[in-house]
Amino acid sequence: MIRPIVKYGTASLHRPAEKVDAITPDLQTLIDDMIETMYAAPGVGLAAPQVGLPLRLFVVDISVGRNAADLMVFVNPEFVERDGMQLEEEGCLSVPGFTATVARPARAVVRGQDRTGTERLVEGTGLLARAFQHEMDHLDGRLFVDHLRGIKRDLIVRKIQKLTRAGEW
Ligand SMILES: [Zn+2]
């Protein structure tokens, strides 16, 4: 089932998510829904706070469904290593219509459980490293907009406020 993706301004996007206690049938349903929602959007990643649930869980697929091996589910993930630097244009399904150049480490190693509860360690570089960091940010209540400073950030926030007031957000 495709779930609605919440947007900038919704509480679940702006506060840290809670640890997942157990991989239950309900959680499996949520994971299936998140994968379906990510592909339908389409996007390269989706975190549980984006469907309104404050849980430390995200799905990622940098091939957007073209390569089955690229689909990954992380439950209670954490960073093991991060290094280097990349500067790329970035957007977010929860901030539709806006993009910005965001500095991110070029390499990120994430450890977490997959949907069977098995511990896994994955190294990402380039786009995958960026996706890992973008999704991990969601679990900490941070959006790409929060990485921007000064006028760049103000411009996006003011446009969102204007859209919200107009009932168009
Ligand atoms: Zn996002």
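Above this text sits the structure in question.
Note that the structure is a prediction, hence the values are computed from the model and not measured.

Colleague: It is not clear to me how the coordination of the zinc ion should be interpreted in this structure. Could you clarify?
Modeller: When four donors bind a metal tetrahedrally, each ideal donor-metal-donor angle is 109.5 degrees, and when six bind octahedrally, the ideal angles are 90 or 180 degrees. Protein-derived coordination of the zinc ion comes from Cys-92 (SG), His-134 (NE2) and His-138 (NE2), at a distance range of 2.0 to 2.2 Å. In primary sequence terms, the donor set of the zinc ion follows C-x41-H-x3-H. Highlighted residues: His-134 and His-138, both in helix H2 (residues 126-139), separated by four residues, approximately one helical turn. Assigned by exposure class, His-134 and His-138 land together as buried.

Colleague: In this structure, what is going on with the pattern of salt bridges? I would like to understand it.
Modeller: Opposite charge on two side chains allows them to pair when their charged atoms are near. For the structure shown, the criterion picks out 13 salt bridges. Among the ionic pairs, Asp-146 bridges to Arg-153, the shortest N-O distance being 2.9 Å. Taking the relative accessible area as the measure of exposure, Asp-146 reaches 27% and is therefore partly exposed. In the salt-bridge network here, residues are joined through shared partners; they are Arg-56, Glu-90, Arg-104, Arg-130, Asp-137, Asp-140 and Arg-142.

Colleague: Looking at this structure, how should I read the nonpolar core?
Modeller: Among soluble globular proteins, nonpolar side chains are generally buried collectively. In this structure, Tyr-8, Val-95, Phe-98, Phe-144, Val-145, Ile-156 and Ile-160 are the most contacted members of the largest nonpolar core, which totals 15 residues. Secondary structure elements with two or more residues in this core: strand S5 (99-104) and helix H3 (150-165). The element that contributes the greatest number of residues to this core is H3, accounting for three residues. Of all hydrophobic cores here, the second largest spans 14 residues; its members include Met-34, Ile-35, Ala-48 and Val-59.

Colleague: Explanation requested: H2 in the structure shown.
Modeller: Note: α-helices contain 3.6 residues per turn, so residues at a spacing of three or four share the same orientation. Compared with an ideal rise of 1.5 Å per residue, which puts 14 residues at 20 Å, H2 spans 21 Å between its outermost C-alpha atoms and is within 8% of the ideal. Burial analysis of H2 places twelve of its 14 residues in the buried class, which makes it a mostly covered element. Listing the buried residues of H2 in full gives Leu-128, Ala-129, Arg-130, Ala-131, Phe-132, Gln-133, His-134, Glu-135, Met-136, Asp-137, His-138 and Leu-139. Among the residues trailing H2, Gly-141 stands out with phi positive, at a value near 75°.

Colleague: How should I be thinking about unusual backbone geometry in this particular structure?
Modeller: Trans is the common state for peptide bonds, and a negative phi is the common state for residues other than glycine. The omega angle of the peptide bond from Ala-41 to Pro-42 is -10°, so this bond is cis rather than trans. Summarising the element assignment, Pro-42 is placed in the loop between helix H1 (25-40) and strand S1 (45-47). The phi torsion at Val-64 lies on the positive side, around 50°, for a residue other than glycine. In this structure, Asn-76 is a non-glycine residue whose phi angle is positive, near 50°. Within the secondary structure, Asn-76 is located in strand S3 (residues 72-83). Note on Asn-76: relative accessible area 14%, which makes it buried.

Colleague: What is the right way to read the side chain of Gln-50 from this model?
Modeller: Position of Gln-50 relative to the elements: it lies in the loop between S1 and strand S2 (57-60). Since its relative accessible area comes to 1%, Gln-50 is described here as buried. Among all residues touching Gln-50, those that are not within four sequence positions of it are Pro-4, Ile-5, Val-6, Leu-13, Gly-45, Cys-92, Leu-93, Ser-94, Glu-135 and His-138.

Colleague: Can you help me understand H3 in this one?
Modeller: The end-to-end C-alpha distance of H3, which contains 16 residues, comes to 22 Å, matching closely the 22 Å that a straight helix rising 1.5 Å per residue would cover. For H3, the set of buried residues is Ile-156, Val-157 and Ile-160. Considered in projection along H3, the buried side chains sweep an arc of 95° and stay on one side of the axis. More than 90 degrees from the buried face of H3, the exposed residues found are Ile-151, Arg-158, Lys-162 and Arg-165. Where H3 terminates, the next one or two residues include Gly-167, which has phi positive at roughly 70°.

Criteria and cut-off values
Residues numbered from 1 in each chain as written. Predicted model: local features only at pLDDT ≥ 70, side-chain atom pairs only at ≥ 80, totals over all residues. Heavy atoms only, no water. Donors = N, O, S within 2.8 Å, 3.2 Å for Na, K, Ca; no water. Helix = DSSP H or I, 4+ residues; strand = E, 2+ residues; numbered from the N terminus. Buried < 20%, exposed > 50% of the residue type's maximum accessible area, 1.4 Å probe, protein only. Salt bridge = Lys/Arg side-chain N within 4 Å of Asp/Glu carboxyl O. Core = buried A, V, L, I, M, F, W, Y, C linked by side-chain atoms within 4.5 Å. Expected span 1.5 Å × (residues − 1). Contact = heavy atoms within 4.5 Å. Arc of directions from axis to C-beta.

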